Amino acid sequence: AVSIENAKANVEAEIPHWDFEQTKKEAQDAWNKQLAKIEVEGEEKDKVKFYTSLYHTMIAPNLYSDVNGDYRGMDMKIHNIGEGKEQYTVFSLWDTFRATHPLYTLIEQDRTNAFIQTFLRQYEQGGLLPVWELAANETNCMIGYHSVPVIADAYLKGIRNYDANKALEAMVKSANQDEHGLKFYKAQGYINAGDESESVSKTLAYAYDDWCIAMMASKLKQFDLVKTFQKRSENWKNLFDPETGFFRARVNNGWF
């Protein structure tokens, strides 16, 4: 992502021997070490399913910084992260905040810190936490601001090698923008079907993310924010139809 020179340096650092069999062995050893983080017992077919799924959780996010610490930021400028740090990419957060990132808090705690440090650099360079980031570009292809639950989950579990106050600041900024139906969500406590597509899903996603902000703010003793976002987190009630037991789209004061 930076230069041909850096790409060559990465290759020279990772496979200086240029030996196929050795590279194959090193890859096998690396995967065995990763997959051995969880041991399961059972029938072979079930173990195949489990370890295939575990393998899938380890394909992304991808390392985005070079061996010399260079990486391309959300501002499209070249930055250097410094020795011993890592920048990541491919945060498909709508897909991963529910289960994959909570798994990482158990088996990838160091990388969870690195992921959140990456979020905060992306916030500094791009103005917002990532929604669905790909190669230092924000795709905005899914809903919610699901960096928020990833950060809150990690922080409440004691994974805290980053600036927590800056993280909370970034979380609040994501919640207080006007794009993607948030203007209506903030004004009336839900999104009308006529205001924005995916109005029910977006309302529920925002309400959950707001609850996570309230939990993070509580730990940081930011009680005004706790009050604000605890109230916002109850907006799911505005789209729940007690007669059907389902969430439904609304148009003004009636059901769609």
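Each value, and the rule that gives it
Residues numbered from 1 in each chain as written. Predicted model: local features only at pLDDT ≥ 70, side-chain atom pairs only at ≥ 80, totals over all residues. Heavy atoms only, no water. Helix = DSSP H or I, 4+ residues; strand = E, 2+ residues; numbered from the N terminus. Buried < 20%, exposed > 50% of the residue type's maximum accessible area, 1.4 Å probe, protein only. Contact = heavy atoms within 4.5 Å. Lys, Arg positive; Asp, Glu negative; His and termini not counted. Charge placed at Lys NZ, Arg CZ, Asp CG, Glu CD. Expected span 1.5 Å × (residues − 1). Polar contact = N/O pair within 3.5 Å; in protein donor to acceptor, adjacent residues only side chain to side chain. Axes fitted to C-alpha atoms, helices over the stretch in contact; angles between N-to-C directions. Parallel < 35°, antiparallel > 145°, perpendicular 65-115°, else oblique. Left-handed = near helix turned anticlockwise from the far one by under 90°. Core = buried A, V, L, I, M, F, W, Y, C linked by side-chain atoms within 4.5 Å. Phe/Tyr/Trp six-rings, centres within 6.5 Å; stacked < 30°, edge-to-face > 60°. Lys NZ or Arg CZ within 6 Å of the ring centre and 35° of its normal.

### Some remarks on the overall build of the chain
Consideration 1: Helix and strand counts for the chain come out as 11 helices and 10 strands.
Consideration 2: Overall, the chain is about 70 × 50 × 35 Å in size when its C-alpha atoms are taken along their principal axes.
Consideration 3: For the chain, buried positions account for 41% of its 256 residues.
Consideration 4: Counted over contacts in the chain with a minimum sequence separation of 6, partners at least 24 positions apart contribute 63%.
Consideration 5: Across the chain, the centroid of the 29 positively charged side chains sits 6 Å from that of the 37 negatively charged ones.

### Thoughts on the environment of Ser65
Consideration 1: Structurally, the position occupied by Ser65 is in the loop between strand S1 (62-63) and strand S2 (70-72).
Consideration 2: In this structure the C-alpha to C-alpha distance between Ser65 and Ala1, which are 64 residues apart in sequence, comes to 8.5 Å.
Consideration 3: Residues in contact with Ser65, not counting those within four places in the same chain, are Asp70, Tyr71, Lys85, Glu86 and Gln87.

### Considering helix H2 (residues 20-35)
Note: α-helices contain 3.6 residues per turn, so residues at a spacing of three or four share the same orientation.
Consideration 1: Between its first and last C-alpha, H2 extends 23 Å over 16 residues, near the 22 Å set by a 1.5 Å rise per residue.
Consideration 2: The N-terminus of H2 is capped by Asp19, whose side-chain oxygen sits 3.2 Å from the backbone nitrogen of Glu21.

### Here we look at the packing of helix H8 (residues 164-175) against helix H10 (residues 199-219)
Two numbers describe a pair of packed helices, the interaxial angle and the distance between the axes.
Consideration 1: At their nearest, the axes of H8 and H10 sit 10 Å apart, and the two run at 155° to each other. Between H8 and H10, the angle falls in the class roughly antiparallel. The chirality of how H8 crosses H10 is left-handed. Of H10, the residues touching H8 (which contributes Ala164, Ala167, Leu168, Met171, Val172 and Ala175) are Asp210, Cys212, Ile213, Met216 and Ala217.

### Topic: the nonpolar core
Consideration 1: Counting 41 residues, the largest nonpolar core has Leu129, Ile151, Met171, Ile213 and Met216 as its most contacted members.
Consideration 2: Looking at this core, the elements that each hand over two or more residues are helix H6 (109-126), helix H7 (147-156), H8, helix H9 (182-188), H10 and helix H11 (223-232).
Consideration 3: Residue contacts for Ile213: discarding those within four places in its chain leaves Tyr145, Val148, Leu168, Met171, Val172, Ala175 and Phe229.

### As for the packing of aromatic side chains
Aromatic rings in a pair are described by how distant their centres are and how their planes are angled relative to each other.
Consideration 1: Enumeration according to the criterion identifies 12 aromatic pairs in this entry.
Consideration 2: Look at Tyr145 and Tyr206: their rings are 5.2 Å apart centre to centre, the planes differ by 10°, and that puts the pair in the stacked class. Here Tyr145, found in the loop between strand S6 (137-138) and H7, pairs with Tyr206, found in helix H10; they are 61 residues apart in sequence, far enough to count as distant. In this pair, the class of Tyr145 matches that of Tyr206, namely buried.
Consideration 3: Three or more aromatic residues link up through ring pairs in this structure, and these residues are Tyr88, Phe91, Tyr104, Phe115 and Phe119.
Consideration 4: Of note, Arg250 hangs over the ring of Trp255, and the distance from its end group to the ring centre comes to 4.5 Å.

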